[in-house]
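# Inside the fold
What follows is the residue order along each chain.
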Amino acid sequence: MQWGDTMDIVFALDEAHPDADVQLLRFTDLHRWIVELPDFDDDPEKSSEGILEAIQMAWLAEKD
């Protein structure tokens, strides 16, 4: 997985952290959770606030 694989990341995060309060999740925690995913193999430094926000919003939409 890479930073652009938003939905793959969302599905993996939801499986790894099913009880997460996504709306209150800090970007620092979200970033850490993403780079800790077993299938994530992108450069951790390539993330941005915009990428993290897009992942968070997609995860919120998936939970609804």
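Relevant structure appears above.
Residues numbered from 1 in each chain as written. Predicted model: local features only at pLDDT ≥ 70, side-chain atom pairs only at ≥ 80, totals over all residues. Heavy atoms only, no water.

### Section: the packing of helix 1 (residues 6-16) against helix 3 (residues 49-63)
Angle between the axes and distance between the axes are the two parameters that describe a pair of packed helices. Using the following cut-off: Simply put, an axis is a line fit to the C-alpha atoms, just over the touching stretch for a helix, and the angle between two N-to-C directions goes from 0 to 180 degrees. Helix and strand assignments come from DSSP, with helices taken as H or I runs of at least 4 residues and strands as E runs of at least 2, each series counted from the N terminus. Put simply, angles under 35 degrees are roughly parallel, angles over 145 are roughly antiparallel, angles from 65 to 115 are roughly perpendicular, and the rest are oblique. The handedness criterion is simple: a crossing whose near helix is rotated anticlockwise from the far helix by less than a right angle is left-handed, and one whose near helix is rotated clockwise is right-handed. Two residues qualify as a contact provided that any one of their heavy atoms is within 4.5 Å of a heavy atom in the partner residue. Put simply, Ala, Val, Leu, Ile, Met, Phe, Trp, Tyr, Cys and Pro go in the nonpolar bin, Asp, Glu, Lys and Arg in the charged bin, and everything else, Gly too, in the polar bin.
Orientation of helix 1 relative to helix 3, taken along the N-to-C sense of each, is 60°, at an axis distance of 9 Å. By the angle between their axes, helix 1 is oblique relative to helix 3. For the element pair helix 1 and helix 3, the recorded crossing hand is right-handed. When helix 1 is examined against helix 3, the residues Thr 6, Met 7, Ile 9, Val 10, Phe 11, Leu 13 and Asp 14 are found in contact with a partner set consisting of Ala 54, Ile 55, Ala 58, Trp 59, Glu 62 and Lys 63. Residue composition of the contact of helix 1 with helix 3, by class: nine nonpolar, one polar and three charged.

### A closer look at the environment of Glu 53
In plain terms, the rule: Each residue is placed in one exposure class: buried if its accessible area under a 1.4 Å probe, protein chains only, is under 20% of its type's maximum, exposed if it is over 50%, and partly exposed if it falls in between.
If you trace the backbone, Glu 53 turns up in helix 3. With relative accessibility at 41%, the residue Glu 53 sits in the partly exposed group. The spacing of Glu 53 and Met 1 is 52 residues in sequence and 17 Å in space, taken between C-alpha atoms.

### Here's the deal with helix 1
This is how the line gets drawn: Note: the arc covers the axis-to-C-beta directions of the helix.
Among all positions of helix 1, only Ile 9, Val 10 and Leu 13 are buried. Looking straight down helix 1, one finds its buried side chains confined to an arc of 100°; they lie on one side. Among the structural elements, helix 2 (27-36) and helix 3 are those in contact with the buried residues of helix 1.

### A look at the nonpolar core
Put simply, the rule is: For our purposes a nonpolar core is just a set of buried Ala, Val, Leu, Ile, Met, Phe, Trp, Tyr and Cys residues, chained together by side-chain atoms within 4.5 Å.
Membership of the largest hydrophobic core comes to 17 residues, with the highest contact counts inside it found for Ile 9, Leu 13, Leu 30, Ile 34, Phe 40, Ile 55 and Trp 59. Of all elements in the fold, only helix 1, helix 2 and helix 3 reach the threshold of two or more residues within this core. It is helix 3 that contributes the most residues to this core, four residues altogether. When neighbours within four sequence positions are excluded, Ile 34 is seen to be in contact with Trp 3, Ile 9, Leu 13, Phe 40, Leu 52 and Ile 55.

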